[in-house]
Amino acid sequence: MRSFTLIALAAAVATLNVASAQPIRQTTNDWRDAFRQLEDEDWPSPNRERRATGAPGPDYWQQQVDYDIQIHLNERTNILTGTETVTYTNNAPDELDFLWFLLDQNRFREDSIAVMTETVGGGGRAASRVGGSMPEGMSAYSIRRRDRLENDGYGFNITSVTGADGSALEHTIVDTLMRIDLDDTLETGESVTFTIEWNYHLIETGVVGGRAGWECFEPTEDTGGDCIYQIAQWFPRAAVFSDYEGWHNKAFLGRGEFALEFGNYNVAITVPQDFIVAATGELQNPEEVLTQAQRDRLEEAVTADEPVFIVTPSEARANERRGTRSEATWEFYAENVRDFAWAGSRKFIWDAQGIEQDGEGVAPDLVMAMSFYPNESEPLWSTFSTRAVEHTIDVYNEFAFPYPYPTAQSIAGPQGGMEYPMITFNGGTYGRPVVDEDGNLTYSLTAKRGLIGVIIHEIGHIYFPMVVNSDERQWTWMDEGLNSFLQFQAERQWEEDFPVRRGDPHSITSYMVSSDQMPIMTQSDSILQFGANAYSKPTIALVVLRETVLGRELFDEAFREYSRRWRFRRPTPYDFFRTMEEVSGVDLDWFWRGWFYSTDHVDISIDRVIEGQLDTQNPEIENEIEREEIAERGESLTQVNNVAAGIEFYADSNPEVLEFYSRTDPHAVTNRQREAYESFREGLEDYQAEIIDRGDRFYYVDLSNQGGVVMPVILEFTFANGETDLVRIPAEIWRYNPEEATWVYRTQQEVVSVELDPLWETADADRTDNYYPPRILPTRLEMYRSNRSFDDQMSDMDQRVTRDSIQSRPE
């Protein structure tokens, strides 16, 4: 403990400073301002389209593109053939002589930029070259995929582009884009109508990859081995023309997803007559494609308390066995959507339930939550899928806005997870039970968690970016990060201790100290460690912002305002950043800079804690304190060993050298000390005497920022009596020096330990320096590593399920 004399006492108490405090060390060369403003440095200047408040400006605009599409699926050849009539309305202040359209299926052409630039270790993995070593091999999967790309002739075949009068329009294909040259300049406020005809060969998703395609099942005793088709990026779509970039004509390389325009869709889908079709929008001709029983069940589902089968499992099995050469056309209409996707199969079980919500006059008060899945996905899908859709809508409505569309659909199939307006693909291996060699059916915790998690995530994407229409290709985190943050909130509200993949701050620390990082703001196609960068890190940044920096009330109001400002509009990151600051009333430039613009990490260290008490000048107290401090240092080891060795002190054998000081306690109180103390007390003001008598302890906590990201400092002080005090210090503690700071804690109790970030809420990457005094850190050691997985607890505990029931039954 350090004691110090109160000099100029009023000033000293006001500043809580001591003469021994070291000045901040900084120079003009190495000092950095972690709190400098991003305006006019990394952010574009506000304008009449986008305001400094983060809101759309009075001159904000976006294009409108409407589609009337007829599409035909040839199940035998897996070829889609389509015709679309497009009405493009120019709301921009610019004149347009040509239009750009997206041909995303061209990504699979063997000469596409995407295929030609594939590298070893691509797709966001850190390794990108073989270097000086010899390659060890090539997987059969990779070779098979290359065979398909080279031999199957993938990509759009554009057969014609014609104007409203039937005359051909000049068009040029550039990789995954097509430029259509207009006969006449399209002025502001004008519309143009034209027709595109095309066809293309569908990919087999499990072989080629991608976000859409088909998957076929092996025949069984009950089924005919039919296929599921999930169809997306299937028609030429208008590229975005925006106020901040003009034409968005960066080629699709497979990673950076889509920037699109809103419009209205009339779509007629012709498929085999025994198919069940799910699609964006509402079915317009149910009497032509559904049986009376199916229509009655749909009506029942509107007010049901639980999902109702529209097509039952037994009906789906029977449907697979039949097959047909006849065809049927399903007609759908979707209003104010930015895309359209659909799925079809004779394998589909279909269940539905009406979900009530407060539409607030801008959204429907009833949403039909629906799921489509094969018998192979039972019993997990009928138990969890539609209920997960319902739960997602409930949670996201609280954070954002009422679900804006009449349907919300979850589709099982080949695509592991992908989103479109009103429809999501949640297939792959998610939610498929395992059948062992004895025919027993079980499923793992991962299968359950994965199914619920992917449905929440993909349905959540209907809010972000299907409604809050951010540019996924440029800023992936704006939809994946924001949506994963809300997915985390929904998962945490699903059931207690639901296992989550991302969201708790400690889960990101290993990534934040890794070498192959890029800032969150990096363009999508160039990101390494894609999942951690675009999903996990922004998710956890928002969790930290909500729980630690702003608090829930301020964060939730600001996030909700952003969501509502930009629904059915196209925000940029700067609109998000500005809205969060403007509505919360908190300057957050330091937070965006550290988490979104840098690859620094969070690591704050407690380097030293010094305890100080005011010197009372009372000799009765101070002399004893001095005696205790000397005693704490202990005796001289040499003297201890001399005594143990029996060495005699000279003074013991020559007592004549022992005099007054040898016989007097050096800490005894003298009269002069008492008189000096009385004089000192007489000179004190009343408030000064009260401060001295109070017995305050001052703890000087030396902190250093080892990771680079400035953050609030959260300290928990533990007292000798076992009580604790949690103190939250704002990030501005680092404003004078972002590398080190000393903070003073005052208390009348004795502090025995200090812990930094005790709730693990800041993503601090190194907790070994979070304790003072330092702790011995425990770990578990194994003599050998077991390969056994405990994930399929159902199988381990000899529990079984049936396709028809989720209830386990002991064998």
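Above this text sits the structure in question.
The shown structure was predicted, so the numbers you read here are calculated from the model rather than taken from an experiment.

Details of the sheet that holds strand E17 (residues 308-311)
- What the six strands build is an open sheet, ordered E17-E20-E21-E22-E24-E23; its pairing is mixed. The outermost strands of the open sheet, each flanked by one partner alone, are E17 and strand E23 (418-420). The mean inter-strand angle of the sheet, taken between neighbouring strand axes irrespective of direction, is 20°.
- Pairing of strand E20 (residues 349-356) with strand E21 (residues 366-373), which is carried by eight bridges, proceeds in the antiparallel orientation. Across the sheet, Ile 349 pairs through a bridge with Tyr 373, a residue of E21.

Thoughts on the pattern of salt bridges
- Per the stated rule, a full pass over the model turns up 44 salt bridges.
- Among the ionic pairs, Arg 346 bridges to Glu 75, the shortest N-O distance being 2.7 Å. Remark: Glu 75 occurs in the loop between strand E2 (64-74) and strand E3 (79-89) and Arg 346 occurs in the loop between strand E19 (342-345) and E20; sequence separation between them is 271 residues.
- Note on Arg 346: relative accessible area 4%, which makes it buried.
- Among the ionic pairs, Arg 767 bridges to Asp 757, the shortest N-O distance being 3.9 Å. Highlighted residues: Arg 767 in the loop between strand E32 (751-756) and strand E33 (771-772) and Asp 757 in the loop between E32 and E33, separated in sequence by ten residues.
- Through salt bridges with shared partners, a single network forms among Arg 36, Glu 41, Asp 42 and Arg 593.

Some points on the nonpolar core
- Judged by nonpolar contacts, the single largest core of 188 residues is most densely connected at Trp 234, Phe 340, Trp 342, Phe 591, Trp 592 and Trp 595.
- In terms of residue count, helix H8 (residues 380-399) provides more of this core than any other element does, nine residues in total.

Notes on the pairing of E20
- Among the eight residues that make up E20, seven are buried, leaving the element largely enclosed by the rest of the structure.
- Note that E17 and E20 share three bridges and pair antiparallel. Considered in E20, the bridge of Val 311 is made with Trp 350.

Let's talk about the environment of Arg 560
- Looking at the element boundaries, Arg 560 is found in helix H13 (residues 552-565).
- What makes Arg 560 partly exposed here is its relative accessible area of 23%.
- As for Arg 560 and Thr 579, which are separated by 19 residues in sequence, their C-alpha atoms are 9.9 Å apart.
- Not counting the four nearest positions on each side in its chain, Arg 560 is found in contact with Glu 398, Phe 399 and Ala 400.

Comments concerning the state of the cysteines
- In the structure shown here, the tally under the stated rule is one disulfide.
- Here Cys 216 pairs with Cys 227 through a disulfide, and the sulfurs are 1.8 Å apart. The chirality of the disulfide connecting Cys 216 with Cys 227 is right-handed, given an S-S dihedral of about 85°. Residue Cys 216 is found in strand E9 (residues 213-216), and its partner Cys 227 is found in strand E10 (residues 227-231); the two are separated by eleven residues along the sequence.
- In this structure Cys 227 comes out as buried when scored by relative accessible area, which is 12%.

Side note on the side chain of Glu 755
- Within the secondary structure, Glu 755 is located in strand E32.
- Among the residues examined, Glu 755 registers a relative accessible area of 11% and is labelled buried.
- A polar atom in the side chain of Glu 755 sits 2.9 Å from the side chain of Arg 767.
- Ignoring anything within four residues of it in the chain, the contact list for Glu 755 reads Ile 606, Ile 714, Leu 715, Glu 716, Arg 767, Asn 770, Tyr 771 and Arg 775.

The rules behind the values
Residues numbered from 1 in each chain as written. Predicted model: local features only at pLDDT ≥ 70, side-chain atom pairs only at ≥ 80, totals over all residues. Heavy atoms only, no water. Pairing = 2+ DSSP bridges. Helix = DSSP H or I, 4+ residues; strand = E, 2+ residues; numbered from the N terminus. Axes fitted to C-alpha atoms, helices over the stretch in contact; angles between N-to-C directions. Salt bridge = Lys/Arg side-chain N within 4 Å of Asp/Glu carboxyl O. Buried < 20%, exposed > 50% of the residue type's maximum accessible area, 1.4 Å probe, protein only. Core = buried A, V, L, I, M, F, W, Y, C linked by side-chain atoms within 4.5 Å. Contact = heavy atoms within 4.5 Å. Disulfide = S-S within 2.5 Å. Polar contact = N/O pair within 3.5 Å; in protein donor to acceptor, adjacent residues only side chain to side chain.

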